[in-house]
Structure formats: C-alpha cells, structure tokens
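Descriptive structure summary
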Amino acid sequence: MPFGVFVEIDGQPDALGLVEIVALPRGGELPAIGVHLDLVVVNHADHNWQARLRPATEAAE
C-alpha cells in the first residue's frame, strides 16, 4: 500500500521531502515523475534534512 511520494526540493540537493498519501486528494493518481508540485513544509528535521510536505492548496483551508 502506498504511503506517500518522495520529492526532490529545488535548491536543496541534500534534502528529502515526503508528501504523505493522506495529504493527497482521495481517489486521485499519484503525481508522475518529473511533475513540479506547489508544496508547503509541515514539519522538518534539521539533523537529517528531511521535510514532511503537503500540497499548498491544502494549507489555505
């Protein structure tokens, strides 16, 4: 069962981003490789350069 999508963060080559499946629209397809997404940071860990992200449209609600 998919749990999310790992993403590259522009300008941060060492960072690893994760968009959890619960943050994505229900019933929709996962984003294709190479698609640019508008995301916001929900949480991050400085010690290992990891960020939890969600779509920017969800942040406004």
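The structure reproduced in this document is the subject of the present report. Everything numeric here is computed off the predicted structure, so don't read it as measured data.

The subject of this paragraph is a nonpolar patch on the surface. A grouping of Phe3, Phe6 and Leu16 is seen on the molecular surface, where their side chains present a nonpolar patch of about 320 Å² in accessible area. Among the secondary structure elements, Leu16 is positioned in strand β2 (residues 12–20).

Read across the open sheet, the four strands follow the order β1-β2-β4-β3; overall the sheet is mixed. Strand pairing shows two members of the sheet lacking a second neighbour, β1 (4–9) and β3 (39–45), which therefore form its edges. For this sheet the average axis-to-axis angle between neighbouring strands, irrespective of direction, equals 35°. Of the strand pairs in this sheet, β1 and β2 are connected by five bridges, and their pairing is antiparallel. Bridge pairing links Val7 to Gly17 in β2.

Calculation notes
Residues numbered from 1 in each chain as written. Predicted model: local features only at pLDDT ≥ 70, side-chain atom pairs only at ≥ 80, totals over all residues. Heavy atoms only, no water. Patch = residues over 30% accessible without salt bridge, like charges linked within 9 Å, V, L, I, M, F, W, Y side chains within 5 Å. Areas by Shrake-Rupley, 256 points an atom, 1.4 Å probe, with all protein chains shown as cover. Salt bridge = Lys/Arg side-chain N within 4 Å of Asp/Glu carboxyl O. Helix = DSSP H or I, 4+ residues; strand = E, 2+ residues; numbered from the N terminus. Pairing = 2+ DSSP bridges. Axes fitted to C-alpha atoms, helices over the stretch in contact; angles between N-to-C directions.

Distances and angles like these do not, on their own, reveal function.
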